[in-house]
Protein chains: 2
Amino acid sequence: MSGFVEFWFDFSSPYGYFASHKVDVAVAKAGRSTIWKPFMLGAAFKVTGARPFMDVPLKGDYCVHDWARLGRYYRVPWVQPDPFPVATLGAARVFYWLDNEDPGVAKAFAKAIYHAYFGEGRNISLPEVVVDVAAGVNVNPQRVEDVIASPQWKQRLMEASAEAVSRGVFGSPFFIVDGEGFWGADRLPMVAEWLERDGW
Amino acid sequence: MSGFVEFWFDFSSPYGYFASHKVDVAVAKAGRSTIWKPFMLGAAFKVTGARPFMDVPLKGDYCVHDWARLGRYYRVPWVQPDPFPVATLGAARVFYWLDNEDPGVAKAFAKAIYHAYFGEGRNISLPEVVVDVAAGVNVNPQRVEDVIASPQWKQRLMEASAEAVSRGVFGSPFFIVDGEGFWGADRLPMVAEWLERDGW
């Protein structure tokens, strides 16, 4: 088998953030490449009836504790952002615009957005923060502002979110490998093993 | 640090079933022992508002596929039981009765119940099935029938379920190690690492 490993995530998802540090290396070890696909987790939650973890009794407290613990475990920067979660439409629209031109730049932008939010606690729902983060990876600020407000990239993100739901993606992160879906950052070792063993 | 690793689970939980095959060995490697603690996941769901996975669009289909895949991955017997999920009050009451007398026998009974349900598809909500499974690990059938209907062991299980919720257990399996909670079968390797490294 060959083909890309799809990495579906929401920019407001802590587990997506942690997975973003690991997925490329894990997949590259198996001789594959990734395609990063941000989507609006809210679109999936409308179908599943799920709520943000923070709003769920018991689970919310667990997750806050778990995220800080995972930050130490993976040795990646972690701050609990406030506000959390936030709408990440602007960042995701910019991602797809960049991805259309150069997936490498789009990936660098995605990592910078994730770092801004979960590594520094900056509010990535604000257009000016998205513009500033994009500038940090050498993307023209005026173009970014235009893209955030553009019907074309709004539409592109809506299509991506609809595609996620149509393919059974109900959480973030979610990996799709040769048609097999794996939900959760914890499953990344299993994804790698799936690739190495060519499934089971 | 020392002390037991608590393994909280519901007898109707597939992920609890898979974890039951792994938890004792993983914990023993770190020089620790487990305490098995069945509880009524429904008691936690009342607090969290969660629904059984099967009832959740997208997630239900994912889980059915995932469980069969995990059966092959872990090389343990797997059948998708029908009906599923079922109430497992009787089995859990018998567990606590046995546990009070001999935790080793209780654990053997728990494994036999899990196997009956997820390995053979038998309906473990039926008292006669619980009695038969108990007989298979040399437990007196008449005593089992009495325990299933006993207010004492009904009360014991209610207390266990209340304890679960009060300690933040919202899913199955859930591991508690030195006050640290870990949710999900996928986290067992992390639990083992936590034990080896004495936390992080």
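As a reminder, the structure under discussion sits directly above these lines.
Summarised in this report is the structure supplied together with it.

**Points about the packing of aromatic side chains**
Stage number 1. What the rule picks out here adds up to 66 aromatic pairs over all chains.
Stage number 2. The interplanar angle of 15° and the centroid separation of 5.8 Å between the aromatic rings of Phe7 of chain A and Phe175 of chain A together place this pair among those described as stacked. In this pair, Phe7 of chain A sits in strand S1 (residues 5-9) while Phe175 of chain A sits in strand S3 (residues 174-177), placing the two residues 168 residues apart along the sequence.
Stage number 3. Using a relative accessible area of 0% as the deciding quantity, one classes Phe7 of chain A as buried.
Stage number 4. A relative accessible area of 0% places Phe175 of chain A in the buried class.
Stage number 5. Here the aromatic rings of Phe11 of chain A and Tyr114 of chain A are separated by 5.5 Å at their centres, their planes lie at 70°, and the arrangement is edge-to-face. Residue Phe11 of chain A is located in the loop between S1 and helix H1 (14-20), and its partner Tyr114 of chain A is located in helix H6 (residues 103-119); the two are separated by 103 residues in the primary sequence.
Stage number 6. Its end group placed over the ring of Phe182 of chain B, Arg69 of chain A keeps NZ or CZ at 3.8 Å from the ring centre.

**Observations concerning the pairing of strand S1 (residues 5-9) of chain B**
All names here are of chain B.
Stage number 1. Where burial is concerned, most of S1 is hidden: five out of the five residues are buried.
Stage number 2. Burial along S1 is two-sided: Val5, Phe7 and Phe9 facing one way and Glu6 and Trp8 facing the other are all buried.
Stage number 3. Where S1 lies against strand S2 (residues 34-38), five bridges are found, and the strand directions are parallel. Residue pairing in the sheet places Phe7 in a bridge with Trp36 of S2.
Stage number 4. Sheet topology note: the S1/strand S3 (residues 174-177) ladder contains four bridges and is antiparallel. Bridged to Trp8 within S3 is Phe174.

**Quick look at the sheet that holds strand S2 (residues 34-38) of chain A**
Stage number 1. Taken in spatial order, the four strands line up as S2-S1-S3-S4 (chain A) in an open sheet, and their pairing is mixed. Both edges of this open sheet fall to S2 and strand S4 (180-183) of chain A, since each of them pairs with a single strand only. Sheet twist, expressed as the mean angle between neighbouring strand axes with direction ignored, is 20°.
Stage number 2. Contacts between helix H4 (residues 59-74) of chain B and the sheet are confined to S3 and S4 of chain A, with S4 of chain A contributing the most and set at about 100° to the helix.

Definitions and limits used
- Residues numbered from 1 in each chain as written.
- Chains lettered and ligands numbered in written order.
- Predicted model: local features only at pLDDT ≥ 70, side-chain atom pairs only at ≥ 80, totals over all residues.
- Heavy atoms only, no water.
- Phe/Tyr/Trp six-rings, centres within 6.5 Å; stacked < 30°, edge-to-face > 60°.
- Helix = DSSP H or I, 4+ residues; strand = E, 2+ residues; numbered from the N terminus.
- Buried < 20%, exposed > 50% of the residue type's maximum accessible area, 1.4 Å probe, protein only.
- Lys NZ or Arg CZ within 6 Å of the ring centre and 35° of its normal.
- Pairing = 2+ DSSP bridges.
- Axes fitted to C-alpha atoms, helices over the stretch in contact; angles between N-to-C directions.
- Contact = heavy atoms within 4.5 Å.

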